[in-house]
Amino acid sequence: MARCIVIANQKGGVGKTTTAVNLAAALAVMEKKTLLIDCDPQGNASSGLGIYPDDFTENLYSVLYEPAKAREAVYETSFPYLHVLPSTSDLVAADIELVDKPGREIFLRNLVGELGDEYEFILLDCPPSLGLVTLNALCAANELLVPLQCEYYALEGVAQLLKTFELVRKRFNTGLQLLGVVMTMYDGRNKLNRHVKREIWKCFPKHHFETLIPRNVRVSEAPSYGMSVIGYDVKSKGAEAYLALAKEVLCRVPA
């Protein structure tokens, strides 16, 4: 069964999608069969790997209520070991439709169950909210990875996310474990960045990644070409950082 990792933070702009896309690509480069499920209606994780709405007929929303059809919505990428289950703006409707449905928190879990035997890793990229789609992703996964931007407000946002994490683990998914917190957009020359890093590492002594994802122009440019930074410029500092993060993920046992 695949290791299923949800990448979540209710705060926007912290590098969730960037981390999801590039971690998935890094794992694929290491020949780990990986599936990236785009749970964000904006569909940036899909387009970030060259999968655009005109390229597919099925997507996460179209198969969410029919998990037996999940394989019809899985598409290949330029990496032999990496597949994507894409998203479109239609997924916005799910947050409304799921409200009255019995077992509203387990639809994505059922879908992942249909695909888990085919992959070593399944990554779930969440929207910047704590709605029902994000709840479904938290209930479907067994590991939580939290990207945090190196700024003051990140310290405030993580407290709310961890409350949600504990609530989900207590009520819906007792198997969910915190894999770790990864610092993104880090600039060692910036005093505030260094301070936030120290505080986060102090708060999560056993659950922080040693790898720091730097601010890097190649990471920012890659999505405009429909590529991960690893496909765009594997020798860049950003690509090196995500490859290092993937190695840490491979070695880490969540607790």
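Preceding block: the structure.
The present account deals with the structure reproduced in this document.

The rules behind each value
- Residues numbered from 1 in each chain as written.
- Predicted model: local features only at pLDDT ≥ 70, side-chain atom pairs only at ≥ 80, totals over all residues.
- Heavy atoms only, no water.
- Helix = DSSP H or I, 4+ residues; strand = E, 2+ residues; numbered from the N terminus.
- Polar contact = N/O pair within 3.5 Å; in protein donor to acceptor, adjacent residues only side chain to side chain.
- Contact = heavy atoms within 4.5 Å.
- Buried < 20%, exposed > 50% of the residue type's maximum accessible area, 1.4 Å probe, protein only.
- Pairing = 2+ DSSP bridges.
- 1 Å grid on protein atoms, 1.4 Å probe; cavity = no way out; pocket = protein on both sides within 12 Å on 5 of 7 lines; lining within 4 Å.
- Points joined across faces, edges and corners; volume = space filled by probe spheres on them.
- Nonpolar A, V, L, I, M, F, W, Y, C, P; charged D, E, K, R; others polar.
- Expected span 1.5 Å × (residues − 1).
- Right-handed = clockwise from strand over helix to strand, strands pointing away.
- Phe/Tyr/Trp six-rings, centres within 6.5 Å; stacked < 30°, edge-to-face > 60°.
- Lys NZ or Arg CZ within 6 Å of the ring centre and 35° of its normal.

**Things to note about the side chain of serine 87**
Piece 1. Here serine 87 shows up in the loop between strand 4 (82-85) and helix 4 (92-97).
Piece 2. Of note is the side chain of serine 87, whose polar atom sits 2.9 Å from the backbone oxygen of aspartate 40.
Piece 3. Residues within four places of serine 87 in sequence aside, it is in contact with Asp38, Asp40, Pro41, Gly43, Ser46 and Phe56.

**Describing the pairing of strand 1 (residues 3-7)**
Piece 1. When you tally the buried positions in strand 1, you get 5 out of 5 residues, the bulk of the element.
Piece 2. Covered by surrounding structure in strand 1 are Arg3, Ile5 and Ile7 together with Cys4 and Val6, the residues of both alternating faces.
Piece 3. Bridge analysis of strand 1 against strand 5 (residues 121-125) gives 5 bridges, and the strand direction is parallel. Within strand 5, the residue paired with isoleucine 5 across the bridge is leucine 123.
Piece 4. In the sheet, strand 1 pairs with strand 6 (residues 143-149) via 3 bridges, with the strands oriented parallel. From the neighbouring strand, valine 6 faces strand 6, where its bridge partner is leucine 144.

**What to know about empty space enclosed by the protein**
Piece 1. If you walk through the whole model with that rule in mind, you get 1 cavity of 30 Å³ or more.
Piece 2. In this structure, the largest cavity encloses a volume near 40 Å³.
Piece 3. If you trace the largest cavity, you find it lined by Leu60, Leu64, Leu91, Leu108, Val133 and Asn136.
Piece 4. Taken together, the residues of the lining of the largest cavity break down into 5 nonpolar, 1 polar and no charged.

**Re helix 1 (residues 16-29)**
Piece 1. Here helix 1 contains 14 residues, and its C-alpha end-to-end distance of 20 Å stays within 8% of the 20 Å for a straight helix at 1.5 Å per residue.
Piece 2. Among the 14 residues in helix 1, 12 count as buried, and that is most of the element.
Piece 3. When we look at burial in helix 1, the residues that qualify are Lys16, Thr17, Thr19, Ala20, Val21, Asn22, Leu23, Ala24, Ala25, Ala26, Leu27 and Ala28.

**Here we look at the pairing of strand 7 (residues 177-186)**
Piece 1. Counting buried positions over the 10 residues of strand 7 gives 8, a clear majority of the element.
Piece 2. In the sheet, strand 6 pairs with strand 7 via 7 bridges, with the strands oriented parallel. Across the sheet, leucine 148 pairs through a bridge with methionine 183, a residue of strand 7.
Piece 3. A crossover links strand 6 with its parallel partner strand 7, the connecting element being helix 7 (residues 152-171), and its sense is right-handed.
Piece 4. In this fold, the crossover linking strand 7 to strand 8 (residues 208-214) by way of helix 8 (residues 191-203) has right-handed handedness.

**Focus: the packing of aromatic side chains**
Piece 1. Tallied over the entire structure, the rule returns 4 aromatic pairs.
Piece 2. For the ring pair phenylalanine 56 and tyrosine 75, a centre distance of 5.8 Å and an interplane angle of 45° mean the geometry is tilted. Taken together, the residues span a long stretch of sequence, with phenylalanine 56 in the loop between helix 2 (44-47) and helix 3 (60-63) and tyrosine 75 in strand 3 (residues 75-76) at a distance of 19 residues.
Piece 3. For tyrosine 75, a relative accessible area of 17% translates into the label buried.
Piece 4. Ring centres of tyrosine 225 and tyrosine 232 lie 5.1 Å apart, and the angle between their planes is 20°; this geometry places the pair in the stacked category.
Piece 5. For tyrosine 225, a relative accessible area of 53% puts it in the exposed group.
Piece 6. In this structure, lysine 33 is placed above the aromatic ring of tyrosine 119, and the distance from its NZ or CZ to the ring centre is 5.4 Å.

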